[in-house]
Amino acid sequence: MQWDKVKNVLIVILMAVNVFLLGNLGRQFWQTRQQEAELVGSLRTLAQGYGISLDADFALPNDVVLPELSIDRSRPNEEAAAAAMLGGEPARTEQEDGTVLFEGERGTVEWGADGSVSGSILTGEAAPADESAALHLAKQLFSDWKLQAEDAVWAAEGTSVTMTGTVAGLPVFNRVLTIRFTGDGFASLSGLWSFGTPYTTVSASGVACNAADALLEFVARQPEAQSVLSMTAGYRMQTDSSRRIQLTPTWKIVTDSGEYLVDCDKKTIIDREN
């Protein structure tokens, strides 16, 4: 009987503790949401001062710290892809800057040291009749050519198709391949691509991607935009002085007039995608 009373007391105490913890958690959550709402409100006011509005559905993303990554150029993968595109064993010519030109029975492909690729390839296929057919053919060709992306995202416009994908689970905004189909059985390939798994050195430190700071710097530079729709943290590909490919932490800011890339560290506008 005594033990039953003790158990009841313990149960009541545990329930009281749980209620207290839940209440405290709820209060912290509410305070965080309030602070986020106040921050977005302040950003809207500041952006309007520069003649730019934040879309009604705009949500300020969370701040993140991303490591600077490196990724090695894979000549075997480049050669394998070129062989799949051109057939047989294409002739290989390397230039002083590291660019490699492949020439085969079905056309030419050129790989740059910075990951850039361009080519004209005979597919033997007629130009797709619509975007759906173009998308289907592009997926088939990219698979045959060993150009498959993790978490691939496809977009078709007329007889052109673009493919992007993630690296280490995050988007690389300028890592894009575009294929354009023509009526003569050829397709042109262009873009920026990489193979393999990125890595970071032990001494490398992360880069803080502060959303509010990047957004304020962006609107202060008076871009050709009237409204900011969204922003996303990720990477962009670039080469350093040693021609090594780097993945640099970057924001992508989508506006009513196009997409912009903003360096997380320097807060500078790097590129305009559209």
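Further up the page is the structure itself.
Residues numbered from 1 in each chain as written. Predicted model: local features only at pLDDT ≥ 70, side-chain atom pairs only at ≥ 80, totals over all residues. Heavy atoms only, no water.

K.L.:
For this particular structure, what's the right way to read the side chain of threonine 248?
P.N.:
Counting through the fold element by element, threonine 248 comes out in strand β14 (residues 245–255). The class for threonine 248 is buried, based on a relative accessible area of 8%. A polar atom in the side chain of threonine 248 sits 3.0 Å from the side chain of glutamine 238. Other than its neighbours up to four places away in sequence, threonine 248 contacts Gly234, Tyr235, Arg236, Gln238 and Asp263. (Helix = DSSP H or I, 4+ residues; strand = E, 2+ residues; numbered from the N terminus. Buried < 20%, exposed > 50% of the residue type's maximum accessible area, 1.4 Å probe, protein only. Polar contact = N/O pair within 3.5 Å; in protein donor to acceptor, adjacent residues only side chain to side chain. Contact = heavy atoms within 4.5 Å.)

K.L.:
Please explain the pattern of salt bridges as it appears in this structure.
P.N.:
Note that side chains of opposite charge can pair when their charged atoms are close. Summed over the entire model, instances satisfying the criterion amount to eight salt bridges. For the salt bridge of arginine 75 with glutamate 94, the shortest nitrogen-to-oxygen distance reads 3.1 Å. With arginine 75 in helix α2 (residues 75–86) and glutamate 94 in strand β4 (residues 91–94), this residue pair connects regions lying 19 residues apart in the sequence. Overall, arginine 75 belongs to the partly exposed group, its relative accessible area being 29%. Notably, a salt bridge pairs aspartate 240 with arginine 244, separated by 3.1 Å at the nearest N-O pair. Taking relative accessible area as the criterion, arginine 244 reaches 48% and is therefore assigned partly exposed. (Salt bridge = Lys/Arg side-chain N within 4 Å of Asp/Glu carboxyl O.)

K.L.:
Would you explain the pairing of β14 in this entry?
P.N.:
The side chains of a regular strand alternate, residue by residue, between the two faces of the sheet. Burial runs high along β14: 11 of the 11 residues are buried. Side-chain alternation along β14 places Ile245, Leu247, Pro249, Trp251, Ile253 and Thr255 on one buried face and Gln246, Thr248, Thr250, Lys252 and Val254 on a second face that is also buried. Relative to β14, strand β3 (residues 69–71) runs antiparallel, the two being bridged by three bridges. Note on β14: the bridge partner recorded for leucine 69 is leucine 247. One ladder, built from 11 bridges, connects strand β13 (residues 227–239) with β14; its direction is antiparallel. (Pairing = 2+ DSSP bridges.)

K.L.:
Quick question: what am I supposed to make of the state of the cysteines here?
P.N.:
Any covalent bond linking the sulfur atoms of two cysteines counts as a disulfide. By the definition in use, this model includes one disulfide. Two residues share a disulfide in this structure: cysteine 209 and cysteine 264, whose sulfurs sit 2.3 Å from each other. Note on the cysteine 209 and cysteine 264 pair: the S-S dihedral is about 105°, so by sign convention the disulfide is right-handed. Pair noted here: cysteine 209 is in strand β12 (residues 206–209) and cysteine 264 is in the loop between β15 (258–263) and β16 (269–272), with a separation of 55 residues, a long-range link. (Disulfide = S-S within 2.5 Å.)

K.L.:
Mind showing me how you'd approach the pairing of strand β11 (residues 186–192) here?
P.N.:
Across seven bridges, strand β7 (residues 116–122) lies against β11 in antiparallel orientation. Looking at the pairing, serine 116 lines up with leucine 192 of β11. As judged from the five bridges shared by strand β10 (residues 170–181) and β11, these two strands associate in the antiparallel manner. Bridge pairing in β11 places arginine 180 opposite serine 188.

K.L.:
Can you help me understand empty space enclosed by the protein in this one?
P.N.:
Taken as a whole and assessed by the stated rule, the structure comprises one cavity of 30 Å³ or more. A volume near 60 Å³ is recorded for the largest cavity. Taken together, Asp72, Arg73, Ser74, Glu78, Trp111, Gly112, Ala113, Gly115, Trp193, Ser194, Phe195 and Ile245 make up the lining of the largest cavity. Looking at the lining of the largest cavity residue by residue, the class counts come to five nonpolar, four polar and three charged. (1 Å grid on protein atoms, 1.4 Å probe; cavity = no way out; pocket = protein on both sides within 12 Å on 5 of 7 lines; lining within 4 Å. Points joined across faces, edges and corners; volume = space filled by probe spheres on them. Nonpolar A, V, L, I, M, F, W, Y, C, P; charged D, E, K, R; others polar.)

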